[in-house]
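Overview (structure and organization)
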Amino acid sequence: MQRLLVFFIRYYSIFLFLLLEGIAFWLIKEHTYYQGAKITSATNQTTGFIHGKIQSIIDYFNLKEENQRLALENMQLKNKSSDAFQFMTIQHNSISDTAHKLNYQYITAKVVYNS
């Protein structure tokens, strides 16, 4: 507690300056229309920029779930495509109960190291 008190005493002039600057900006904003509009506009632009950056960071960290969802969807679509089936004729195989036999199946995978 004593160190906190010493900190405030040491930087008293800086804290007083910041307090007076805040009061000055508040007075300018409240009592003059043009400067108030400019300060409000600048504040809105700054907060909008900060919110945009925070949202882009949140979106970046949510990409893992999005990539897993897309990998699962790709697996399902590739399993439905005609490339996943091999046309069988009687010459190659004697099974005659189906015209198509599943040749391979796609599964989801994670790339560990991409060279």
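Residues numbered from 1 in each chain as written. Predicted model: local features only at pLDDT ≥ 70, side-chain atom pairs only at ≥ 80, totals over all residues. Heavy atoms only, no water.

**Some thoughts on the overall build of the chain**
The condition is simple: The way it works is that DSSP assigns letters per residue, a run of H or I at least four long becomes a helix, a run of E at least two long becomes a strand, and they are numbered from the N terminus. Accessibility here uses a 1.4 Å probe with only protein chains present; expressed as a share of the type maximum, an area under 20% marks a residue as buried, one over 50% as exposed, and anything in between as partly exposed. Contact between two residues is taken to exist if any of their heavy atoms lie within 4.5 Å; hydrogens are not considered. Using a 1.4 Å probe, accessible areas were evaluated by the Shrake-Rupley method; residue-level cover was limited to the displayed protein chains.
A tally of helices and strands in the chain yields four helices and two strands. The order of helices and strands in the chain, counted from the N terminus, is α-α-α-α-β-β. Within the chain, the proportion of its 115 residues that are buried is 3%. For the chain, restricting intrachain contacts to residue pairs at least 6 apart in sequence, the fraction spanning at least 24 positions comes to 23%. Total accessible area computed for the chain in this model is approximately 11,000 Å², and 62% of it derives from carbon and sulfur atoms.

**Regarding a nonpolar patch on the surface**
Stated precisely, the cut-off is as follows: A residue counts toward a patch only above 30% relative accessible area and without a salt bridge, and it is joined to like-charged neighbours within 9 Å or, for Val, Leu, Ile, Met, Phe, Trp and Tyr, to nonpolar neighbours within 5 Å. Here, a salt bridge means any side-chain nitrogen of Lys or Arg that lies within 4 Å of a carboxyl oxygen of Asp or Glu.
Judged by side-chain polarity, Met-1, Leu-4, Phe-7, Phe-8, Tyr-11, Ile-14, Phe-15, Phe-17 and Leu-18 come together as a nonpolar surface patch covering roughly 950 Å² of accessible area. Those elements that place two or more of their residues in the nonpolar patch are helix H1 (2-10) and helix H2 (12-31). Residue contributions to the nonpolar patch peak at four residues, all from H2. Among the secondary structure elements, Phe-15 is positioned in helix H2.

**Some thoughts on the environment of Phe-15**
Residue Phe-15 is classed as partly exposed on the basis of its relative accessible area, which comes to 34%. With residues near it in sequence (within four places) discarded, Phe-15 still touches Phe-7 and Phe-8.

**Points about the pattern of salt bridges**
One pass over the full model with this rule turns up two salt bridges. With a shortest N-O distance of 2.6 Å, Arg-69 and Glu-66 are connected by a salt bridge. With Arg-69 and Glu-66 both in helix H4 (residues 63-80) and three residues apart, the pair spans about one turn of that helix. Under the relative-accessibility criterion, Arg-69 is labelled partly exposed at 44%.

**Overview of the packing of aromatic side chains**
To keep it simple, the criterion reads: Side-chain rings of Phe, Tyr and Trp, where Trp is taken by its six-membered ring, are said to pair if the distance between their centres is within 6.5 Å; with planes under 30 degrees apart they count as stacked, over 60 as edge-to-face, and otherwise as tilted.
Summed over the entire model, instances satisfying the criterion amount to five aromatic pairs. Taking 5.4 Å as the distance between ring centres and 55° as the angle between the ring planes, the aromatic pair formed by Phe-8 and Phe-15 counts as tilted. Phe-8 gets classed as partly exposed once you look at its relative accessible area, which sits at 41%. An aromatic cluster of three or more residues is present, and its members are Phe-7, Phe-8, Tyr-11 and Phe-15.

**As for the packing of helix H3 (residues 33-61) against H4**
Here is the rule we go by: Axis definition: a line fit to C-alpha positions, over the contact stretch in the case of helices; interaxial angles, taken between N-to-C directions, run 0 to 180 degrees. An angle below 35 degrees is read as roughly parallel, one above 145 as roughly antiparallel, one from 65 to 115 as roughly perpendicular, and any other as oblique. Under the scheme applied, nonpolar residues are Ala, Val, Leu, Ile, Met, Phe, Trp, Tyr, Cys and Pro; charged residues are Asp, Glu, Lys and Arg; polar residues are all the others, including Gly.
Close contact between H3 and H4 brings their axes to 4 Å; oriented N to C, the two are set at 40°. Classified by the angle their axes make, H3 and H4 are oblique. Residues Asp-59, Tyr-60 and Phe-61 of H3 lie in contact with H4, whose contacting residues are Leu-63, Lys-64 and Glu-65. Residues of the contact of H3 with H4, tallied by class, amount to three nonpolar, no polar and three charged.

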